[in-house]
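# Understanding the architecture of this molecule
One letter stands for each residue in the lines below.
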Amino acid sequence: MRRIQLITAAAAALVLAAGCSSGDSAKDAKSGGDAPTIALLLPESKTTRYEAFDRPLFEAKVAKLCDKCKVLYFNADQDAAKQQGQFESALTQGADVIVFDAVNADAVAPQVNTAQQKKIPVIAYDRLISGISYDYYVSFDNVKVGKVQGDALLAELNKRGTADKGQLVVINGSPTDPSAGDYKKGAHEALDGKVKIGREFDTPDWSPDKAQQQMEQAITALGKDAIVGVYSANDGMAGGAIAALKRAGYATLPPLTGQDAELAGVQRILTGEQTMTIYLDYRAQAEKAAELAVALTRGEKPTAPAKTNNGVTDIPSYLLDAIAVGKDNIKDTIVKDGLYTVADICTPDVAAACQAAGIK
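Residues numbered from 1 in each chain as written. Predicted model: local features only at pLDDT ≥ 70, side-chain atom pairs only at ≥ 80, totals over all residues. Heavy atoms only, no water.

### Here's the deal with the pairing of strand 11 (residues 314-320)
When strand 5 (residues 136-140) meets strand 11, the two strands line up parallel, connected through four bridges. Bridge pairing links Phe140 to Leu320 in strand 11. Linkage of strand 10 (residues 306-309) to strand 11, two consecutive antiparallel strands, is achieved through a turn of four residues, within which Gly311 is found at a positive phi near 95 degrees. (Pairing = 2+ DSSP bridges. Helix = DSSP H or I, 4+ residues; strand = E, 2+ residues; numbered from the N terminus.)

Printed below as a string of structure tokens:
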């Protein structure tokens, strides 16, 4: 009888343990579960930063802070429906925290609400999610980014003496990306009343191909000689605009902005095809998001230094600074911080420009 009682008690203990292990995954992580799971959802790969920097930097920081943590990675390829499925998959696979860079940040409140119902924290990464409360927002001061771009463009126009000699073409980012709206706002703060804007576009999917088409339309509408500058919200679209300008036969390209410090953009700055880019410290952004995600798996709630209103509430925020990069400070910013090596930048077709800029 004693042996039967011991076996029965052991069986009951096993049943109880199994019941506990199938409970809420966030609770498991916070109570010392073996494998806290963090989901990272990024929006697209046309912009090179996400695969080249954000993902590997985030994963490396998580691994450094939490050797038992597992990262579930998803890229939506600019497809909101695909990303919704990925979000649901992250929940199904037991994500304890979701780091979410939404394709359409104005339309994902229902998904965030589902996570909240399961008591799974959400960090909005790079793009501010609107319409619902959540845990953190990690990004850059995006209005300031647009203003820095606009100021740099205006400075180059004044340097060339062309600010009052023609019109600008403005190529903004995707209308579904709230960050694009902030860049646009900042750019207009810098440019309005100081230079005439001849044509302005919002560019679906941040597509370089669509930006090239828009630039071609602007050249046709305004006339080749009327365009004195181009505001492009990022480097990919700047490449599209430059392709259109070259195709139209511009001997000297007008001043043109960018953002993201893409390798091709940096090289275009050295060769004189692009005026500037915005260097965003992806390492600081990815690592801060990783730190917060790991802290949340442990039940911690760090105090954020700022708050950002998303139309419904103030979201605890970490907003990082952006740096304007032109030919004169590539070496002291991008190269110094290790974003690219000299060998990465100074390929044979750019070697002479590197030498002239003192990058060697």
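### Description of the pattern of salt bridges
Under the criterion given, the structure shown has 18 salt bridges. Between Glu51 and Arg55 there is a salt bridge, and its shortest N-O distance comes to 3.7 Å. With Glu51 and Arg55 both in helix 3 (residues 49-65) and four residues apart, the pair spans about one turn of that helix. We classify Glu51 as partly exposed; its relative accessible area is 32%. For the salt bridge of Asp151 with Lys147, the shortest nitrogen-to-oxygen distance reads 3.0 Å. Placement of both Asp151 and Lys147 in helix 6 (residues 142-160) is noted, with a separation of four residues, approximately one turn of the helix. With relative accessibility at 34%, the residue Asp151 sits in the partly exposed group. A relative accessible area of 34% places Lys147 in the partly exposed class. (Salt bridge = Lys/Arg side-chain N within 4 Å of Asp/Glu carboxyl O. Buried < 20%, exposed > 50% of the residue type's maximum accessible area, 1.4 Å probe, protein only.)

### Notes on the packing of aromatic side chains
This structure, assessed with the given rule, holds five aromatic pairs. The interplanar angle of 25 degrees and the centroid separation of 5.5 Å between the aromatic rings of Phe53 and Tyr282 together place this pair among those described as stacked. A residue pair is termed long-range when its members are at least 10 positions apart, and Phe53 in helix 3 and Tyr282 in helix 11 (residues 282-297) qualify at 229 residues. Classification of Tyr282 by relative accessible area gives buried; the value is 1%. The interplanar angle of 70 degrees and the centroid separation of 6.2 Å between the aromatic rings of Tyr183 and Trp206 together place this pair among those described as edge-to-face. Here Tyr183, found in helix 7 (residues 178-191), pairs with Trp206, found in the loop between strand 7 (196-202) and helix 8 (208-222); they are 23 residues apart in sequence, far enough to count as distant. Since its relative accessible area comes to 6%, Trp206 is described here as buried. Here the aromatic residues Phe53, Tyr282 and Tyr340 are joined through ring pairs into a cluster of three or more. In this structure, Lys224 is placed above the aromatic ring of Tyr250, and the distance from its NZ or CZ to the ring centre is 5.5 Å. (Phe/Tyr/Trp six-rings, centres within 6.5 Å; stacked < 30°, edge-to-face > 60°. Lys NZ or Arg CZ within 6 Å of the ring centre and 35° of its normal.)

### Comments concerning the state of the cysteines
Under the counting rule described, the total for this entry stands at two disulfides. Residue pairing for Cys66: its cysteine sulfur links by disulfide to Cys69, the two sulfurs lying 2.1 Å apart. Disulfide Cys66 to Cys69: torsion about the S-S bond roughly 80 degrees, handedness right-handed. Using a relative accessible area of 14% as the deciding quantity, one classes Cys69 as buried. Linked covalently through their sulfurs, Cys346 and Cys354 form a disulfide whose S-S length is 2.1 Å. In this structure, the disulfide formed by Cys346 and Cys354 twists by about -100 degrees around the S-S bond and is classed as left-handed. A relative accessible area of 1% means that Cys354 is categorised as buried. Assigning the bonded cysteines of the chain consecutive numbers by sequence position, one obtains the connectivity 1-2, 3-4. (Disulfide = S-S within 2.5 Å.)

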